[in-house]
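Structural features, examined
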Amino acid sequence: MNDQWSTSYGQQWNPYTRQTDLAAVGLQYHPAYHQVINLAYRYNRELGLTQTDLSLDWPLTSNWSTVGRWNYDIQNHLTLESFIGFQYDNCCWTFDIVHRRFITQTGDADSQFFLELQFKGLGAIGHRLEDFLQNGILGYSDPSLSH
C-alpha cells in the first residue's frame, strides 16, 4: 500500500466443489526498523482451521522494547499460542525475557520461559531466542543489530 503499510492475500479455490479450500489475508504496519505490528486471518477447509494471528515488535524506550504474539482458533474458541516478552539492549549487552503459552500436538496446554543474556562481540551458542521471535513475528528485527 505504501512504505509503512502492506497487505497480503492468498486463496485456493476448488473448481470441483466450488469452494475455497485455503485462504489467508494479512495486514502489516512497519513504519521503521524494529517497529512492526501484524494482523492475519487464515482459513483451511480440510483441517477445519479458522484462526487469527496478531503479533508485534515495538520499542518502549531507547533501550526497552516489547514483543508479543496471539494466535487464536476462532472455531474452537482457543488460544493456540501466545507470548509476551521484553528486551533490553544497550551498547555492550542485551537481555531478553519471554513467556510463551501454547497448545501441544496432544492438545494439552504448556508454557515456557526464555531468558537470554548476550554480551555483544562474544557471539552465541545454540538456538538463540532471536530465531524463535523471527519465526513468530513477521518482520521482527533484532534490536542488538541496530547499534
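Counting of residues starts from 1 at the beginning of each chain's written sequence and follows it residue by residue. For a predicted model such as this one, the threshold for reporting local features is a pLDDT of at least 70, and the threshold for listing and counting side-chain atom pairs is 80 or more; totals across whole chains, interfaces and linings nevertheless cover every residue. Excluded from the side-chain calculation are hydrogens and water; included are all heavy atoms of the structure.

What to know about the pattern of salt bridges
Here, a salt bridge means any Lys or Arg side-chain nitrogen found within 4 Å of an Asp or Glu carboxyl oxygen. Scanning the model with the defined rule gives six salt bridges in all. For the salt bridge of R69 with E81, the shortest nitrogen-to-oxygen distance reads 2.8 Å. Here the residue R69 occupies a position in strand 5 (residues 64–73), and E81 occupies one in strand 6 (residues 78–89), the gap between them amounting to twelve residues. Just as R69 is buried, E81 falls in that class too. Through salt bridges with shared partners, a single network forms among R42, D53, R69, E81 and R100. Each helix corresponds to a stretch of at least 4 residues labelled H or I by DSSP, and each strand to a stretch of at least 2 residues labelled E; elements are numbered beginning at the N terminus. Under the scheme applied here, a residue whose accessible area is under 20% of the maximum for its type counts as buried, over 50% as exposed, and between as partly exposed, the area being computed with a 1.4 Å probe on protein chains only.

Concerning the sheet that holds strand 3 (residues 35–44)
One open sheet accounts for eight strands, arranged 1-2-3-4-5-6-7-8; its pairing is antiparallel. Since the sheet does not close on itself, it has two edges, and those belong to strand 1 (5–14) and strand 8 (109–119), each with one partner. Put simply, the sheet's adjacent strands are angled 5° from each other on average, direction ignored. By the convention used here, strands pair only if DSSP detects at least 2 bridges between them. Bridge count for strand 7 (residues 93–103) against strand 8 is eleven bridges, and the pairing is antiparallel. Note that in strand 8 the partner of H99 across the bridge is F113. For this analysis, residues touch if any pair of their heavy atoms sits within 4.5 Å. All axes are obtained by fitting lines to C-alpha atoms, using only the stretch in contact for helices, and the reported angles, taken between N-to-C directions, cover 0 to 180 degrees. Along the sheet face, helix 1 (residues 129–136) touches strand 4 (49–59), strand 5, strand 6, strand 7 and strand 8 and points at about 130° away from the line of strand 6.

A closer look at the environment of R45
Its location among the elements puts R45 in the loop between strand 3 and strand 4. The exposure class of R45 is partly exposed, given its relative accessible area of 35%. Look past the residues within four positions of R45 in its chain and what remains in contact with it is Q19, T20 and D21.

Observations regarding the side chain of E81
Looking at E81, the relative accessible area reads 10%, which means it is buried. As used in this structure description, the phrase polar contact means that two N or O atoms lie within 3.5 Å; if the pair is within protein, one of them must be able to donate a hydrogen and the other to accept it, and residues adjacent in sequence are counted only when both atoms belong to side chains. Reaching out from E81, the side chain makes a polar contact with the side chain of R69 at a distance of 2.8 Å. Within the structure, E81 has its side chain in polar contact with the side chain of R100 (distance 2.6 Å). Apart from the residues within four sequence positions on either side, E81 is in contact with R69, W70, N71, R100, R101, F102 and F132.

Regarding unusual backbone geometry
Even without being glycine, H34 reaches a positive phi, approximately 65°. Residue classification places H34 among the buried positions, given a relative accessible area of 9%. Here the phi dihedral of H77 falls at roughly 50°; this positive angle occurs in a residue that is not glycine. Looking at the element boundaries, H77 is found in the loop between strand 5 and strand 6. Residue classification places H77 among the exposed positions, given a relative accessible area of 62%.

A few points about the environment of D57
If you trace the backbone, D57 turns up in strand 4. Looking at D57, the relative accessible area reads 0%, which means it is buried. For the pair D57 and Y33, spaced 24 residues apart in sequence, the C-alpha to C-alpha distance is 9.8 Å. When neighbours within four sequence positions are excluded, D57 is seen to be in contact with H34, Q35, V36, T66, V67, Q87, I137, Y140 and S141. Engagement of the side chain of D57 in a polar contact is seen with the side chain of H34, the distance being 3.0 Å.

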